[in-house]
Structures are given as structure tokens and as C-alpha cells.
Amino acid sequence: MSSRQQRTRILTQRSRGFGSISYGYNASIIGTTLGQPSFIKYMKLDTLPNATDLISSTNGLFQTGGVVGTLIMPWIADKWGRKWGCAVPCMLLIISGAVMTGSVNIGMFLAFRFFSGAGSFMILAVVPILMNEIVPVSLRGALVDVHGVMLVLGYTIQGWVGFGFFFWNGGANTWRPPMALTMVWPLILLVGLPFLPESPRWLCMQGRDAEAEQILIKLHRDPRDPENVVAAAEFYQIQKQMQIDRTLGSSWLHIIRKPSYRKRALLAIGTCGIVQCSGVLVINSRSPVACHGGAVLTPVPRLRADTLQRLGFQPSPTTWLTFAWGMNALAMLLVDRFPRPKYMAFGVLGCMSTLIVEAALVATYLGTNNKSALLACVAMFFVFQVFYALCLDGTQFSYLGEVFPTHIRAKGICLGVAMISLMNIMWLQSAPIAFINIGWKFYLALIIPGSIGGVLMFLYFPDTNGVPLEEVAAIFGDADEVAVYERDLDFDPTTHAVIDAHSGEKGGIKHLEAGL
């Protein structure tokens, strides 16, 4: 692939990355909001007898909306297109963001937290659907990893914004400007959507082959390929495959009944479930650098900021997030160099090793003034991000998109993202109470299933790295559903036709990106 092609693909991915930022910012803004004394006072959460339940509901409704939204998304993305799949959650986020920013009571705020969660998780799912379907096979992991980079950038921006506004004396409305920014990122994506390409695979599924071919030509345009060989080749393979895919069942019931589809669905659920067992959500809530101005944002017991400050460590609310963003960016250079499941399994087991050390340190030294041990506890949060950000955060979305064929890809990815939301509900509800009652032992609830899942992932999950999306079916025993293999394609420079060596048919393409 030429540098010009790479720039085109990366710019396209970054444009869609505003959707990823939308999720990251919206998912984490509640921490900043609850950390604002002005919000607590304005919503009377310092005096209401059920304030604790209301605060918990801000997360619960968000995650519940996420489950509902992601299960609705396949209908939108399959019927109206991947771009409309991006547009609908953008509109939900803009409307919900506007209402929450202008909320005059906690009930109004909570009602639209549900829609904010729906929009956030819908966009978390649909962006990698579109990304997987337009990127070249040789760089699929790296370019889809832009999704992970940008969603963590959303977390980081929110951290900096929240940190700054914590120290701004804006009276009773100090909490509103950070909340208003939830509308900015989806608005940018919504305005830019008309200028971004639709998925050529979805277009071919709808019989709009000419449009798909033109998009592929634009994506592959290269001065060294004046005949558009690469674009013609990919178009031929996609076109032939979609002719088969249109005849296959795609309902939820069909996914359950057909063994190979059921296996893929279980892989999606298992991948996201195992990744969530890495403990990232619990680490997020317990990190001492997640404090804003020393204010603890969740009821989970942690290494208190004031304790660390007495020991000479000044926690920053953005240091940990900025570090995580850097690790996600570095992952783009590594993700396509290793088999997907083994790469993710390494990340999961690395996270488990970090949690084991953290649990031992917390069990032994929490509540003491042992400076070295407490700083080691903090260091484990950063070590954790090395494994999680490098191997899991973005890679899971590449893998989800790769294991499903085009006609059920939206359902498959959304099923995995719904699992993320369900796991979030489970950990958010259990972690605060569990840490209060059993302390460090709660880490075992992550370490045991996470370790088992990491081993299973390493040994049994199939590798999809480097396999064209149209050929992945063969890995799952559906070789009869693969229309054309790249190895059977060749290009006739005289007639400018792609020849299928297996069938003798002309008109197609060979994937020549690596040789150009």
C-alpha cells in the first residue's frame, strides 16, 4: 500500500474517530459531573435521602441504554446503511446532551442519561463495523485500532476539561460547560458524514455495485496503479461474495440455529466478556489518579489522594488517561504483527498478573504509611494500561468485525458491544459494595475468570489476522459459502481483466496492495 493510500485510509478513519471520541467523552463525563460540588448542590444530592441511589442510577441508566441501543443498531445499519448507523446515535447524543446540560432537576437529567447511553454504545458498535469494511486486510488491525485510540482520547479530553472546570468558580452552573461539550463531537461527525464513504460491502449487499466500485477506486487510488487493479480486484471479490451472502439467513434465530454462526456469536460474547474481566472498569474506578482536585468520584475505597500527597506523590487526573492514550496509539504499530487471539490473550494474562500484584499490595499495605509499597500500588495502574491498551482496547473491535460475514456483521459486533455494557452493569453494581465488605478479595472475582478466559482465548480462539473478510467463513467450516479466494485470482494486463483461475471467469481482482 502506498503512502497516499495510507493517508487516505487514516484520514477517513480519523474522521469517523469523532464518533469514538463521542463515546469516550460521554462515557466518562459523569465522573467529572459527580465530582463537581456545583452539580451535587444544584441537584440537591447533598440533602436528598435517596441521593446514593440517584447517583448509582446515573451509571445504571447509561449502561441499560447501551444494551438497548446496541441491540437496535443492527436493524438501522443493515437496512439504512453504516453511515445512517452513525447518524442516528449522533442525533441521540446531541439531543440528550442538550437536555442534560439544561436539566433543572435530577429526574430530567436521569431520563436522558438513558438516551445518552443508547447513543454512546450504538456509536461504539457502528464505528468499527464501518471501519472493518473499508480498510485493507494488511492494515486492518492498525486502522480499526484508531477506534480505540480516539475513544481513549475522548476519556483524556474529558479528564483535562473536568480538571480545569473543577477549579473554575462558575457558581451553580460550573458543571454545565463540560456537559455541553458532549454535543460537540457527535455534531462534528454528523456534519462530516456526507463527505465520508459508505461501506462498499453494504452497498454491494443492496445491489448498488456501481457506487461500491467508485468508492473502492477512491480508497485505492494510487499513481503507481493507473488501471485501478487493486480496486477492481477487491471489488470483484466483494461483489461475488455478496451474491452468496444475500441468499443466506441473517436473523437472530438463524444465528442461534446455525452451528458456525452460533460459534461466532459465542466468540463475540466471550471476547468482550473476557476483556471486561481484565478489570479495566474496576481499575478505572479505583485509580487514585482519577480524582479531581482530590475529590473521590465513586464510593469505592481506594488509595486516597491525600495519603499519596503526604508521601510525596501528586496524583493528576489526566496522567493515567494520557498514558493510556499513548499506549493505544503505540498499539497501531504492533497489532497486525501477531495472531489476534494470542495477542489478546497475552494482554488479558498480563492484566491478570498486574491485578495479582495489586491485590497483594493492597492486602498488605493499604492503610499504612509505607511509601514504596503505596507508590508500587499506583505503578500497577500504569503497568495495567501497558497490557490493556496495547493488546485489548482496540484489538477486540478488529476481531469482532473479522469473525462475522457481512450479512450478519452488524448483529455480531453489536452483540459483543452489548456484552460490554452488560458486564459494565455487573461490575458497577457489585464493585463498590464488594470492596467495602471484602476489600482486596474482590480482585479474585476478576483474576480467576480472567485467567481462565485468557488461557481459553490463547488455545482455542481462531486467528483472523490477514484473512480477507470474504474468506473468513472457511475458518468456521463454511468453505462452501466463500465465493472467491484471492489465491485463485490473477490480472490480465492486456485486457485489464481479473481472471478467476478456478472458474475461468473474467472481471475480478487480486489483492495486490502489498506488491504495489
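Residues numbered from 1 in each chain as written. Predicted model: local features only at pLDDT ≥ 70, side-chain atom pairs only at ≥ 80, totals over all residues. Heavy atoms only, no water.

1. So, the overall build of the protein
Logical step 1: Looking only at helices and strands, the protein has 21 helices and two strands in total.
Logical step 2: For the protein, the residues scored as buried account for 58% of the 516 residues in total.
Logical step 3: Summing over all exposed atoms, the protein offers an accessible surface of approximately 19600 Å²; the carbon and sulfur share of this is 65%. (Helix = DSSP H or I, 4+ residues; strand = E, 2+ residues; numbered from the N terminus. Buried < 20%, exposed > 50% of the residue type's maximum accessible area, 1.4 Å probe, protein only. Areas by Shrake-Rupley, 256 points an atom, 1.4 Å probe, with all protein chains shown as cover.)

2. With respect to the confidence of the model for the protein
Logical step 1: For the protein, the average pLDDT comes to 84, and 84% of its residues sit at 70 or higher.
Logical step 2: Here residues 287–314 scores under 50 on pLDDT; set against residues more than four positions off or in separate chains, the count is 70 contacts.
Logical step 3: Within the model, the stretch residues 508–516 combines pLDDT values under 50 with 37 contacts to residues more than four positions away or in other chains. (pLDDT = per-residue confidence, 0-100. Contact = heavy atoms within 4.5 Å.)

3. Quick notes on unusual backbone geometry
Logical step 1: One non-glycine residue, K44, lies in the positive phi region at around 60 degrees.
Logical step 2: Among the residues examined, K44 registers a relative accessible area of 53% and is labelled exposed.

4. A short note on helix 20 (residues 406–438)
Logical step 1: The end-to-end C-alpha distance of helix 20, which contains 33 residues, comes to 46 Å, matching closely the 48 Å that a straight helix rising 1.5 Å per residue would cover.
Logical step 2: Along helix 20, the sharpest change in direction is near 35 degrees and occurs at A431; proline P432 comes one to four residues later.
Logical step 3: Just past helix 20, the residue G439 takes up positive phi, approximately 60 degrees. (Expected span 1.5 Å × (residues − 1). Bend = angle between axes of the 7 residues up to and from the residue.)

5. Focus: a nonpolar patch on the surface
Logical step 1: A surface patch of nonpolar side chains, about 920 Å² in accessible area, is lined by L349, W440, L444, I448, I452, V455, L456, F458, L459 and Y460.
Logical step 2: Looking at which element gives the most residues to the nonpolar patch, the answer is helix 21 (residues 444–460), with eight residues.
Logical step 3: Here V455 lies in helix 21. (Patch = residues over 30% accessible without salt bridge, like charges linked within 9 Å, V, L, I, M, F, W, Y side chains within 5 Å. Salt bridge = Lys/Arg side-chain N within 4 Å of Asp/Glu carboxyl O.)

6. Quick notes on the packing of helix 4 (residues 82–101) against helix 5 (residues 106–134)
Logical step 1: Where helix 4 meets helix 5, the axes come as close as 8 Å, and the angle between the chain directions of the two elements is 155 degrees. The orientation of helix 4 with respect to helix 5, classified from their angle, is roughly antiparallel. The two elements helix 4 and helix 5 cross, and the hand of that crossing is left-handed.
Logical step 2: When grouped by side-chain class, the residues that make up the contact of helix 4 with helix 5 number 19 nonpolar, five polar and three charged. (Axes fitted to C-alpha atoms, helices over the stretch in contact; angles between N-to-C directions. Parallel < 35°, antiparallel > 145°, perpendicular 65-115°, else oblique. Left-handed = near helix turned anticlockwise from the far one by under 90°. Nonpolar A, V, L, I, M, F, W, Y, C, P; charged D, E, K, R; others polar.)

7. Focus: the nonpolar core
Logical step 1: Formed by 126 residues in total, the largest nonpolar core has its most connected members in F39, L45, I106, F109, L392 and F397.
Logical step 2: By residue number, the principal contributor to this core is helix 5, which donates 15 residues. (Core = buried A, V, L, I, M, F, W, Y, C linked by side-chain atoms within 4.5 Å.)

8. Thoughts on helix 16 (residues 319–331)
Logical step 1: For helix 16, built from 13 residues, the straight-helix expectation of 18 Å at 1.5 Å per residue is met to within 8% by its first-to-last C-alpha distance of 19 Å.
Logical step 2: Taken together, the buried positions of helix 16 are occupied by W320, L321, A324, M327, N328 and A331. Here the buried residues of helix 16 occupy an arc of 120 degrees about the axis, which is enough to place them on one side. (Arc of directions from axis to C-beta.)

9. Description of the side chain of S28
Logical step 1: Positionally, S28 belongs in helix 1 (residues 3–34).
Logical step 2: Overall, S28 belongs to the buried group, its relative accessible area being 16%.
Logical step 3: Of the polar contacts made by the side chain of S28, one reaches the backbone oxygen of G24; its length is 2.7 Å.
Logical step 4: Leaving out residues up to four positions away in the same chain, S28 has contacts with G154, Y155 and Q158. (Polar contact = N/O pair within 3.5 Å; in protein donor to acceptor, adjacent residues only side chain to side chain.)

10. Quick word on the environment of V68
Logical step 1: Examined against the element boundaries, V68 turns out to sit in helix 3 (residues 51–79).
Logical step 2: Sequence separation between V68 and G119 is 51 residues; the distance between their C-alpha atoms is 9.8 Å.

11. A look at the environment of L54
Logical step 1: By the secondary structure assignment, L54 is in helix 3.
Logical step 2: For L54 and G107, which are 53 residues apart along the polypeptide, the C-alpha to C-alpha distance reads 8.9 Å.
Logical step 3: The contact partners of L54, leaving out residues within four places of it in the chain, are L45, L48, I106 and L110.

12. Remarks on the pattern of salt bridges
A side chain with one charge may pair with a side chain of the opposite charge, provided their charged atoms come close.
Logical step 1: Per the stated rule, a full pass over the model turns up 12 salt bridges.
Logical step 2: One salt bridge connects E402 with R140, and the closest N-O pair in it is separated by 2.7 Å. You can see E402 sitting in helix 19 (residues 395–403) and its partner R140 sitting in helix 6 (residues 140–166), a full 262 residues away along the chain. Comparing E402 with R140 shows no difference in burial state: the two are buried.
Logical step 3: For E481, the salt bridge goes to K258, with nearest N and O atoms at 2.1 Å. Of this pair, E481 sits in the loop between helix 21 and strand 1 (489–492) while K258 sits in the loop between helix 12 (252–257) and helix 13 (259–276), placing them 223 residues apart in sequence.
Logical step 4: By relative accessible area, which is 18% here, K258 ends up buried.

13. Brief notes about the state of the cysteines
Logical step 1: For the coordinates displayed, the defined rule picks out zero disulfides.
Logical step 2: We note that C86 lacks a disulfide partner, and the nearest cysteine sulfur, in C90, lies 6.6 Å from it.
Logical step 3: Of the residues examined, C86 reaches a relative accessible area of 0% and is grouped as buried. (Disulfide = S-S within 2.5 Å.)

14. What to know about the packing of helix 6 against helix 16
Logical step 1: Two numbers describe how helix 6 lies on helix 16: the axes approach to 9 Å, and their chain directions differ by 165 degrees. Classed by the angle they form, the pair helix 6 and helix 16 counts as roughly antiparallel. Helix 16 is crossed by helix 6, and the crossing has left-handed handedness. Listed contacts from helix 16 to D145, G148, V149, V152, L153, Y155, T156, G159 and W160 of helix 6 are L321, T322, A324, W325, N328, A329 and A331.
Logical step 2: For the contact of helix 6 with helix 16, the residue count by class is 10 nonpolar, five polar and one charged.

15. Concerning the environment of A418
Logical step 1: Take A418: it is sitting in helix 20.
Logical step 2: Spatially, the C-alpha atom of A418 lies 8.0 Å from that of V68, the residues being 350 residues apart in sequence.
Logical step 3: Contact partners of A418, with chain neighbours within four places excluded, come to V67, T70 and L71.

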